[in-house]
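# Analysis of the macromolecular model
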Amino acid sequence: MSSKPGRARPMAPEARRESILDAATPLIFEHGYAVTTRQIADAAGIAEGTIFRAFEDKDALLDALVERLLRPEPTLAALETIDLGLPLEDRLAQIVEILRARVADVTALMRAIGPRHHGRRPHRAPLSEVTDSVTRIVASDAEQLRVPVATAAEYVRILVVGTSVPFLAAGEAPATRDLVDFILRGIAQERD
């Protein structure tokens, strides 16, 4: 028999919202849109009414959660950790892995929330920030590229997404090093 949560400990409104979102994150992946505010309250260790002091309704909570999960900052922070002293091929391999993880997370979120929630609110697509970050990471090797660095960065992003989203890819995603080789060398045979 579970005990009812007592009064929620005092928190600033934004901290309360964040703690509720923390508790709701694994539940949205487990239950999708069907998650209940009761489940979220239990996971957060608060009374259900506390949720409605932080969010107007369940939809507002889920909108905030989707917005939070789609923020580019974690991906950008991961890209920032790439050692710029590494060879271009190794930097590209790390970029591919980081972007694939991002695509996997977003795909899992979209599966979890289902089509009912996809279009509720427009979400900012942080594509330019990712492209800018990739551009910065490969810029020191501009002389090795056949296209401008920003174009190469955009191609990298497009290829990673196109080979990672299950409904876009024809089969299993290529191995990271195979994709990096394709990015660097294309599909044509090398000529003497």
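Going by the structure above, here's the rest.
The paragraphs below set out a description of the structure included in this document. All figures in this text were calculated on a predicted structure; none of them were measured in a lab.

### Focus: the overall build of the protein
A tally of regular secondary structure across the protein gives nine helices and zero strands. Its helices and strands in sequence order give the protein the pattern α-α-α-α-α-α-α-α-α, from N to C terminus. Counting only residues that meet the buried cut, the protein has 36% of its 192 residues in that class. Relative to all contacts within the protein whose residues are 6 or more apart in sequence, the contacts with residues 24 or more apart total 69%. On the protein, roughly 11,500 Å² of surface is accessible, and the fraction owed to carbon and sulfur atoms is 55%.

### A closer look at helix H4 (residues 58–69)
Counted at 1.5 Å a residue, the expected span for H4 with its 12 residues is 16 Å, and the 16 Å between its end C-alpha atoms agrees. When we look at burial in H4, the residues that qualify are Leu61, Leu62, Asp63, Ala64, Leu65, Val66 and Arg68.

### Observations regarding the pattern of salt bridges
Counted by the stated rule, this structure contains 12 salt bridges. Ionic pairing is found between Arg136 and Glu80, a salt bridge with its closest N-O pair at 3.1 Å. Here the residue Arg136 occupies a position in helix H7 (residues 127–138), and Glu80 occupies one in helix H5 (residues 73–80), the gap between them amounting to 56 residues. What makes Arg136 partly exposed here is its relative accessible area of 32%. Salt bridges linked by common partners bring Glu89, Asp90, Arg177, Asp181 and Arg185 together as one network.

### Topic: helix H2 (residues 37–44)
Residues of H2 that are buried: Thr37, Ile40 and Ala41. The buried residues of H2 occupy an angular sector of 100° when projected down its axis, which confines them to one face. Looking at the packing, one finds that the buried side of H2 touches helix H1 (13–31), helix H3 (48–54) and H4. Looking one or two residues beyond H2, the residue adopting positive phi is Gly45, at roughly 70°.

### A look at the environment of Glu18
Relative to the helices and strands, Glu18 is located in helix H1. Counting along the chain gives 36 residues from Glu18 to Ala54, while the straight-line C-alpha distance between them is 9.5 Å.

### Quick notes on the nonpolar core
The nonpolar side chains of soluble globular proteins are, as a tendency, buried together. Of all hydrophobic cores here, the largest spans 21 residues; its most connected members are Ile20, Ile40, Ile51, Phe55, Leu61 and Leu62. Those elements that place two or more of their residues in this core are H1, H2, H3, H4 and helix H6 (88–118). Those residues in contact with Phe55 that lie beyond four places of it in its chain are Arg17, Ile20, Leu21, Ala60, Leu61 and Ala64. Judged by nonpolar contacts, the second largest core, of 20 residues, contains Leu92, Ile98, Ala153 and Leu179.

### Describing the environment of Ser133
Position of Ser133 among the secondary structure elements: in helix H7. Taking the relative accessible area as the measure of exposure, Ser133 reaches 6% and is therefore buried. As for Ser133 and Ala77, which are separated by 56 residues in sequence, their C-alpha atoms are 9.6 Å apart. In this view, Ser133 contacts Leu76, Leu79 and Glu80; residues no more than four positions away in its chain are not counted.

### A few points about the packing of H5 against H7
Running from N to C, H5 and H7 cross one another at 0°; their axes reach a closest spacing of 10 Å. Relative to H7, the element H5 lies roughly parallel. Residues Leu76, Leu79 and Glu80 of H5 lie in contact with H7, whose contacting residues are Glu129, Val130, Ser133, Val134, Arg136 and Ile137. Taken together, the residues of the contact of H5 with H7 break down into five nonpolar, one polar and three charged.

Procedures and definitions
- Residues numbered from 1 in each chain as written.
- Predicted model: local features only at pLDDT ≥ 70, side-chain atom pairs only at ≥ 80, totals over all residues.
- Heavy atoms only, no water.
- Helix = DSSP H or I, 4+ residues; strand = E, 2+ residues; numbered from the N terminus.
- Buried < 20%, exposed > 50% of the residue type's maximum accessible area, 1.4 Å probe, protein only.
- Contact = heavy atoms within 4.5 Å.
- Areas by Shrake-Rupley, 256 points an atom, 1.4 Å probe, with all protein chains shown as cover.
- Expected span 1.5 Å × (residues − 1).
- Salt bridge = Lys/Arg side-chain N within 4 Å of Asp/Glu carboxyl O.
- Arc of directions from axis to C-beta.
- Core = buried A, V, L, I, M, F, W, Y, C linked by side-chain atoms within 4.5 Å.
- Axes fitted to C-alpha atoms, helices over the stretch in contact; angles between N-to-C directions.
- Parallel < 35°, antiparallel > 145°, perpendicular 65-115°, else oblique.
- Nonpolar A, V, L, I, M, F, W, Y, C, P; charged D, E, K, R; others polar.

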